Amino acid sequence: MKGKITAVLFILVFLLVVAVVFTFLTSLDRRREAAESAPVGQDVVVTDVTPAPTEAVQTVVTPVPYTAPDQSATSAPIPAATPAVTESAVIETPTPTELPESIASVSDMGAVLASGSFTSNTGKGINLRADYEARVTGANEIGVVVTVYLNSYSIHVNALPDKVNVGLNGQYVTLDSPAINYDGNTQLLTTELGSQSFTVQLPQGNSRDLDLQVEWHWGGTYGGESIPVIECGGRFTVER
């Protein structure tokens, strides 16, 4: 009798265990079905990235005032930037221009070595005058400036192109002469016709003879006499 009761209890326990297992498995299936049937939109909120609106892109182009970063929130030290002003100041600072050694060593630079004038003699109230001045312009050269004047009384002449010839030791230059209108017969008028500079080789401790020739091809009449050309000139010496 005792053995039958034990067998019945064993069967009841077995059935109870089976019922519990069945109930557990059934609840798992229901949870799985509920998860699969859940709305998809709830997961998209977390994983999807909404594109930025067009207005946000445009604000990137707009310049934003610079704000210095908070160094207290930075763990690593930020190296100091080299100021740009230092470099630009070096570039903008003009370098002193040094004179070439050949010029800086010329002790008599700009000194006047010779000056004078030559005047024509037409026998009339009109003559040509040439003034010259020689100055030191380099270690081995000088500059000679020749200025041509016309001395006259009453005269009327138009501007004449290429009518003044100036020659110095074989170097020739042709200049234009200006228009002159003067009615005075008691006071001599002096009119500058032109000026020309020449470069002549002349080292220190040397001298040189220079030949100056000046012509004004007027081709007019003065005092009832035709005067095609008025000329003057001569030789002068420059010592250095």
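Note that the coordinates shown come from a computational prediction; the quantities given were computed from them, not determined experimentally.

K.L.:
Quick rundown of the environment of A179? Include the residues and the values.
P.N.:
With respect to the helices, strands and loops of the structure, A179 is situated in the loop between β6 (171-177) and β7 (180-182). Residue A179 is classed as partly exposed on the basis of its relative accessible area, which comes to 48%. Placed 19 residues apart in sequence, A179 and L160 show a C-alpha to C-alpha distance of 7.3 Å. The contact partners of A179, leaving out residues within four places of it in the chain, are V157, N158 and A159.

K.L.:
Residue-level account of the nonpolar core, with values.
P.N.:
One finds L212 and W216 to be the most contacted residues of the largest nonpolar core, which totals 36 residues. Excluding its chain neighbours within four sequence positions, the residues that come into contact with W216 are I126, L128, L150, L160, K163, V164, S177, L193, P228, V229 and I230.

K.L.:
How would you sum up the environment of T199? Please name residues and give values.
P.N.:
With respect to the element layout, T199 can be found in strand β8 (residues 189-201). Assessed through its relative accessible area of 45%, T199 is described here as partly exposed. Measuring from C-alpha to C-alpha, the distance between T199 and T137 comes to 8.5 Å, with 62 residues separating the pair along the chain. When sequence neighbours within four positions are dropped, the list of residues in contact with T199 reads E141, I142 and Q171.

K.L.:
Quick one: what's the story with the confidence of the model for the protein chain, residue by residue and with numbers?
P.N.:
Chain-level statistics for the protein chain give a pLDDT mean of 76 and a share of 65% at 70 or above. Across residues 37-94 the pLDDT falls below 50, and counting only partners more than four positions away or on other chains, this stretch makes zero contacts in the model.

K.L.:
Could you give me a rundown of the pattern of salt bridges, with the residues and numbers involved?
P.N.:
Per the counting criterion, the structure on display carries four salt bridges. Where R129 meets D131, a salt bridge forms, and the shortest distance between an N and an O atom there is 3.0 Å. A relative accessible area of 21% places R129 in the partly exposed class.

Calculation criteria
Residues numbered from 1 in each chain as written. Predicted model: local features only at pLDDT ≥ 70, side-chain atom pairs only at ≥ 80, totals over all residues. Heavy atoms only, no water. Helix = DSSP H or I, 4+ residues; strand = E, 2+ residues; numbered from the N terminus. Buried < 20%, exposed > 50% of the residue type's maximum accessible area, 1.4 Å probe, protein only. Contact = heavy atoms within 4.5 Å. Core = buried A, V, L, I, M, F, W, Y, C linked by side-chain atoms within 4.5 Å. pLDDT = per-residue confidence, 0-100. Salt bridge = Lys/Arg side-chain N within 4 Å of Asp/Glu carboxyl O.

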